[in-house]
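Here's the letter readout for the chains.
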Amino acid sequence: MNQKKIFISKLILLLLIMGSAVHAQTKITVDVNKPGHAISPTLFGIFFEDINLSADGGLYPEMVRNRSFEDADTLQNWKFISSDSKSIAKISNGEIYAKPPVLPLNPLNRKSLLISAAGSFKLENSGYWGMNMVQGESYTLKLAARAIDGFSTPLKIRILDSKGNEISTSEIKGITGNWAYYTANLKINTGDPKASLEISGEGKGKLFLDMVSLMSDKTWKNHGLRTDLAEALGAIHPKFLRFPGGCWVEGNEMKQMNHWKNTIGNIDTRTPLFNFWGYNATNGLGFHEYLQLAEDMGAEPLYCINVGMSHREVIPLDQMGQWVQDALDAIEYANGPVTSVWGGIRAKNGHPEPFNLKYMEIGNENGGTPYNERWTLFVKAIKDKYPYVRLIANEWEGGHPKEPNPELVDEHYYNNPDWFIWNSNKYDNYDRNGNRVFIGEYAVTAGTGNGNLRGAIGEAAWMTGMERNSDIVEMGAYAPLLCNVNHKAWPINLINFDSYRWFGLPSYYVQQMFSSNQGTNVLSFTVENNPTIETPQSMGCIGFGTWMASAEFKDVVVTATNGKILYKPDFAKLDTTLRQTGKGKWSVKDGVLKQSAIEPGVGIFMGDSTWKDYAITLKARRISGENGFHIFFHNKNNNDRNRFEVGGWNNSMTHLELGMAIADMKGEAKADKWYDVKIEIKGGDARAYLDGKLVQEISDKTLAVKSLIMSAAKDDKSGDVILKVVNASAKAIKSQIDLKEAKALTGKGKAIVLTSTGPLDENTLENQKKVYPKTEDVKLTGAGCKRTFPGNSLTVIRFCTKR
């Protein structure tokens, strides 16, 4: 009897194993003969903002840092050496009323360097963490100078390698008492990516220097951009270029806004500007250069202009004329005939033909009544004069302007990979009679390390949704674009570089694969027996943070659902150097944890990363700045976005987020008011309380999504049928692909596959192509083929047809 039971048990087990082995194969069926809506020709683009020294120190190839000495009233990024300590150097502010007067180079560039020489001296500049000097290449040094009080000796120009050895030399002589420009040509004997510039002289008298520039004689298409980085942008094949921001459009204050008229014309008359992201910008990469870059890439320019609002200020309505006129003048500069004022200036700057600007965004991340009022002013003025320009409104603070109704609304999304995967169908059921969408900024910025394969897969899944719904989603741009690895102000950036190298995140190749393989019309498809992905379980520690604000926190207690106290931190013993994000300044006094730096993205984290269900109680208050405070929960990677935010979005909203669930409502954090805060997290639910009152609750009981997420298109130009298939699961999936009733197939095609050995794999400067797409041939049998999609992969397949 026992043997019979054992036999039956084994038989049942065998049947279960066989049942799993014969699981029905996944089948993709594409209806190739019934093309659907047209795919927007401007669907996949890029967004440039000078956010991580991406212009100066990056795409704009000036090698000298602080070339115009405008950065401060003291000498910055230069080293002055006097052999006998008698020569001195200081910043001259152009004291025109001094006796005798000290004249600046021009009224818009008032600062210069004054060297009072009494012997020999040296001036050194190493640029942006080293100057890349390539063996055999030529470089031009150009500087403005004037000499008085008897200084008449030549200046020796040397390029030194990282060990101090001379690799090129030249001389400048004949400097007069009036401001004039002088040049020196330098050919490099031995290359070094960490070289530096040395200017030396000797004698007695006074020497003024300004606009000390060193650039390679080779730039991309001879239009003044760093060749390798510009080529990297062009290789994406973007359909549009949004510029110049981003937060830089607004600035914290109006005096820091990006004003296009200050960025055109002669380099030495462009007004340097303190960048929102923490450094001075030369504006060498200005409005004209952005337009030229777009033209050189074959991309539509999309200019984002200030709407009369900064992060902290709003221009009164009765003084908005200048801001509206700036928008009209920008369009005239880009498109006007050479007989117009600004079109003539464009021609003088080297481009008589119009740039054909067709898109303008009014403001960046602005909202509420002030924005809506100013939107109306801009739309009326621009449409009256330039009816063909398409105007884009911000979707912010819960909405967008309704009068006049925008042609496009700009939505921004930053989150973790799972959010983008689970929301890849966001626009599937979107109101087809609603506003057309411009996704002006999107990226995986949490749960992706420094930018790994899993983050790229999340974005790829999202982009299939953009393409499937391109009757609604007209444009979309990854953000941000470029990052100097020595100045990382934003956590995840598409292209990362130093003085001589660059690498793209896995996300870079996703952008390239989509943009280079865009069809003209969508095709309908079905996926049968598509395995599901279970909803990821949320867990993690707690944390506190701010965004451009100062805040305090105290009396923190973390309690389990059974009432047991899990954590009650003594801030006096807390090691505030650990587990931080951003450039915070944390301190503890009388049991109160304070963050005092006015910086973006500041956080500090503590507790156990395996906590699941718990409640947090504490007191918190806003001290100063433009926003309130953040309470983080279920945080595993220090940059997860699960949080309760009081006083976000310019201190106008409260925000509760857990996994895929998000809730927003109007609310502010009053300065110096202590709030009693309580957050309960249980299962997929979160509830937030302020001063004992429930203010928000959300549930993250998200339905499981399918493993294969895809789009299909027909390309009328080539005749190809194009599939973009994302396997968002960890396991490989075998599938049968059928091209329904296809009659013109050649039987051949190609597949481009982006994957790696693990989802956490990243590219680096040292290993630039660890995650890199590979191309292989595809052969069809009849109107179909078998295909295995690796786990965590993006596959683009092009099936060729007879023309």
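For every chain, the first residue of its written sequence is number 1, and the numbers climb from 1 along that sequence. Two thresholds apply to this predicted model, a pLDDT of at least 70 for residue-level local features and 80 or more for giving and counting side-chain atom pairs, whereas whole-chain, interface and lining totals are computed over all residues. Computation of side-chain values covers all heavy atoms of the structure but excludes hydrogens and water.

1. Notes on the overall build of the chain
Per the secondary structure count, the chain includes 11 helices and 48 strands. For 803 residues, the compact-globule estimate of 2.2 N^0.38 gives 28 Å, and the C-alpha radius of gyration of the chain, at 30 Å, lies within 12% of that figure. Principal-axis analysis of the C-alpha atoms places the extent of the chain at approximately 115 × 75 × 60 Å. Only protein chains enter the area calculation, which uses a 1.4 Å probe; residues under 20% of their type maximum are buried, those over 50% are exposed, and those in between are partly exposed. Of all 803 residues assigned to the chain, the portion counted as buried reaches 57%. Pairs at least 24 residues apart make up 74% of the contacts formed inside the chain by residues separated by at least 6 positions. Calculation of accessible area relied on Shrake-Rupley with a 1.4 Å probe; when residues are assessed, cover is drawn exclusively from the protein chains displayed. Carbon and sulfur atoms provide 51% of the accessible area of the chain, an area that totals close to 33,200 Å². In this tally, Asp and Glu contribute negative charge and Lys and Arg positive charge; neither His nor the terminal groups of the chain are included. To locate a charge, take atom NZ for lysine, CZ for arginine, CG for aspartate or CD for glutamate. Computing the positive centroid from 92 side-chain charges and the negative centroid from 88, the chain places the two 5 Å apart. Numbering of helices and strands runs from the N terminus, with a helix taken as a DSSP run of H or I at least four residues long and a strand as a DSSP run of E at least two residues long. Each radius of gyration reported is based on C-alpha atoms, and the globular scaling rule is 2.2 Å times the count of residues to the power 0.38. The contact criterion used throughout is that any non-hydrogen atoms of two residues lie within 4.5 Å.

2. Focus on the packing of aromatic side chains
Ring geometry is summarised as follows: Phe, Tyr and Trp rings, the Trp one being its six-membered ring, pair when their centres sit within 6.5 Å, and such pairs are stacked at plane angles under 30 degrees, edge-to-face over 60 and tilted between the two. Tallying each qualifying case throughout the model produces 40 aromatic pairs. Ring geometry for tyrosine 386 versus tyrosine 388: centroids 6.2 Å apart, planes at 85°, classification edge-to-face. In textbook terms, an aromatic cluster arises when at least three aromatic residues are bridged by ring pairs, as seen for Phe48, Phe243, Trp260, Phe287, Tyr290, Tyr303, Tyr333 and Trp342. Each ring is checked for a lysine NZ or an arginine CZ that lies within 6 Å of its centre and within 35 degrees of its normal; such an atom marks a charge sitting over the ring. Sitting above the plane of the tyrosine 181 ring, lysine 142 keeps its charged end 4.8 Å from the centroid. Lying over the aromatic face of tryptophan 674, lysine 554 brings its terminal NZ or CZ to 4.3 Å of the ring centre.

3. Points about helix α7 (residues 368-385)
A helix is expected to span 1.5 Å multiplied by its residue count minus one. Its 18 residues give α7 an end-to-end C-alpha distance of 27 Å, which sits within 8% of 26 Å, the value for a rise of 1.5 Å per residue. When we look at burial in α7, the residues that qualify are Tyr371, Arg374, Trp375, Phe378, Val379 and Ile382. With its buried residues spanning 145° around the axis, α7 presents them on a single face. Counted as exposed and oriented over 90 degrees from the buried face of α7: Thr369, Lys380 and Asp384. Those residues of α7 that are buried lie in contact with β15 (300-305), α5 (321-335), β16 (359-362) and β17 (390-394). Each direction from the helix axis to a C-beta atom contributes to the arc, which is the arc of those directions.

4. Notes on the pattern of salt bridges
Put simply, a salt bridge is a Lys or Arg side-chain nitrogen that is within 4 Å of an Asp or Glu carboxyl oxygen. With the rule as written, the count across this model stands at 42 salt bridges. For arginine 454, the salt bridge identified is with aspartate 418, shortest N-O distance 3.4 Å. Of this pair, arginine 454 sits in helix α9 (residues 453-468) while aspartate 418 sits in helix α8 (residues 417-422), placing them 36 residues apart in sequence. Linked by salt bridges that have partners in common, Lys383, Arg390, Glu407, Arg436 and Glu474 make up one network.

5. Observations regarding the sheet that holds strand β26 (residues 541-546)
Spatially, β29-β32-β26-β34-β35-β36-β37 is the arrangement adopted by the 7 strands of the open sheet, whose pairing is antiparallel. Each edge of the open sheet carries a strand with a single partner, namely β29 (580-581) and β37 (661-666). Note that β26 and strand β32 (residues 602-606) share 5 bridges and pair antiparallel. Along β32, the bridge assignment pairs isoleucine 542 with methionine 606. Only strands joined by at least two bridges in the DSSP assignment are considered to pair.

6. Quick look at the sheet that holds strand β23 (residues 502-504)
Reading across from one edge, β21-β22-β23 is the order of the 3 strands in this open sheet, with mixed pairing throughout. The sheet is open, and its two borders are formed by β21 (482-484) and β23, each paired with just one other strand. Pairs of neighbouring strands in the sheet enclose a mean axial angle of 20°, with direction left out of account. Where strand β22 (residues 495-497) meets β23, 3 bridges bridge the pair, whose relative direction is antiparallel. Looking at β23, one finds that isoleucine 495 is bridged to glycine 504. The axes are straight lines fitted to the C-alpha atoms, using for helices just the contacting stretch, and the angles between their N-to-C directions are given from 0 to 180°. Sheet strands in contact with helix α2 (residues 227-234) are β22 and β23, and its direction is about 170° off that of β22.

7. Regarding the packing of α5 against α7
Two numbers describe how α5 lies on α7: the axes approach to 10 Å, and their chain directions differ by 35°. Judged by the twist between their axes, the crossing of α5 over α7 is right-handed. Between α5 and α7, the contacting residues are Trp323, Val324, Ala327, Leu328, Ile331 and Glu332 on the first element and Leu377, Phe378, Ala381, Ile382 and Lys385 on the second. Each residue gets one label: Ala, Val, Leu, Ile, Met, Phe, Trp, Tyr, Cys and Pro are nonpolar, Asp, Glu, Lys and Arg are charged, and the others, such as Gly, are polar. Partitioning the contact of α5 with α7 into residue classes produces 9 nonpolar, no polar and 2 charged. In this scheme, a crossing is called left-handed if the near helix is turned counterclockwise away from the far one by less than a right angle; it is called right-handed if the turn is clockwise.

8. What to know about the state of the cysteines
Only a pair of cysteine sulfur atoms within 2.5 Å qualifies as a disulfide here. Here the structure, examined in full by the defined rule, presents 0 disulfides. No disulfide involves cysteine 247; its sulfur sits 10 Å from that of cysteine 304, the nearest cysteine.

9. Examining the nonpolar core
What we call a nonpolar core is a set of buried Ala, Val, Leu, Ile, Met, Phe, Trp, Tyr and Cys residues that are connected through their side-chain atoms within 4.5 Å. In terms of nonpolar packing, the biggest core is built from 132 residues, with Leu59, Met360, Ile362, Phe378 and Ile382 touching the most fellow members. Of all hydrophobic cores here, the second largest spans 36 residues; its members include Ile542, Leu618, Phe644 and Ile679.

10. A few points about unusual backbone geometry
Of the consecutive residues phenylalanine 243 and proline 244, the connecting peptide bond is found in the cis state with omega at -5°. Relative to the assigned elements, proline 244 resides in the loop between β12 (240-243) and α3 (247-250). Here the residue pair alanine 479 and proline 480 is connected by a cis peptide bond, since its omega of -15° sits within 30 degrees of zero. Its location among the elements puts proline 480 in the loop between β20 (473-478) and β21. A positive phi angle, near 60°, is found at asparagine 356, a position not held by glycine.

11. Re the confidence of the model for the chain
Of all residues in the chain, 96% attain a pLDDT of 70 or more, and the chain-wide mean is 93. As a per-residue quantity, pLDDT reports the predictor's confidence and falls between 0 and 100. Across residues 10-22, confidence stays below pLDDT 50; counting only partners more than four residues off in sequence or on other chains, it has 0 contacts.

12. Brief notes about α5
Owing to its 3.6 residues per turn, the α-helix aligns residues three or four sequence positions apart on the same side. Taking 1.5 Å of rise per residue, 15 residues should cover 21 Å, and α5 covers 21 Å from first to last C-alpha, within 8% of that figure. Most of α5 is tucked away: 12 of the 15 residues are buried. Among all positions of α5, only Trp323, Val324, Asp326, Ala327, Leu328, Asp329, Ala330, Ile331, Glu332, Tyr333, Ala334 and Asn335 are buried. At its buried positions, α5 is contacted by α4 (287-297), β15, α6 (341-348), β16 and α7.

13. Structural notes on the environment of glutamate 313
Along the polypeptide, glutamate 313 turns up in the loop between β15 and α5. Once the C-alpha coordinates of glutamate 313 and tyrosine 371 are considered, the two residues, 58 residues apart in sequence, prove to be 12 Å apart. With residues up to four places along the chain from it excluded, the contact list for glutamate 313 reads Glu253, Met254 and Gly308. A polar atom in the side chain of glutamate 313 sits 2.6 Å from the backbone nitrogen of methionine 254. Under the rule applied, a polar contact is a pair of N or O atoms within 3.5 Å (in protein, one hydrogen donor and one hydrogen acceptor; residues adjacent in sequence only if both atoms are side-chain atoms).

14. Quick notes on the packing of α9 against helix α10 (residues 506-515)
One way to put it is that α9 packs onto α10 with a least axis distance of 8 Å and a crossing angle of 25°. By the angle class used here, α9 and α10 are roughly parallel. Here α9 runs over α10; the crossing is right-handed. Across the interface between the two elements, Leu453, Gly455, Ala456, Glu459, Ala460, Met463 and Thr464 of α9 pack against Pro506, Ser507, Val510, Gln511 and Phe514 of α10. Residues belonging to the contact of α9 with α10 are distributed by class as follows: 7 nonpolar, 4 polar and 1 charged. Relative orientations are named as follows: roughly parallel for angles under 35 degrees, roughly antiparallel for angles over 145 degrees, roughly perpendicular for angles from 65 to 115 degrees, and oblique for any other angle.

15. Quick look at the pairing of strand β48 (residues 793-801)
Of all 9 residues that make up β48, 8 are buried, and the element is covered over most of its length. Here 7 bridges tie strand β43 (residues 721-727) to β48, and the two strands are oriented antiparallel to one another. Note on β48: the bridge partner recorded for isoleucine 722 is arginine 798. Note: strand β45 (residues 745-754) against β48, 7 bridges, orientation antiparallel. The partner of leucine 745 across the bridge, within β48, is threonine 801.

16. Some points on the side chain of asparagine 106
Position of asparagine 106 among the secondary structure elements: in the loop between β4 (88-92) and β5 (112-125). At 2.8 Å, the side chain of asparagine 106 and the backbone nitrogen of leucine 108 are in polar contact. With sequence-adjacent residues up to four places away left out, asparagine 106 is seen in contact with Asp268 and Thr269.

17. Brief notes about the side chain of threonine 801
Considering the arrangement of structural elements, one finds threonine 801 in strand β48. A relative accessible area of 16% means that threonine 801 is categorised as buried. For threonine 801, the side chain forms a polar contact with the main-chain oxygen of glycine 719, separated by 2.6 Å.

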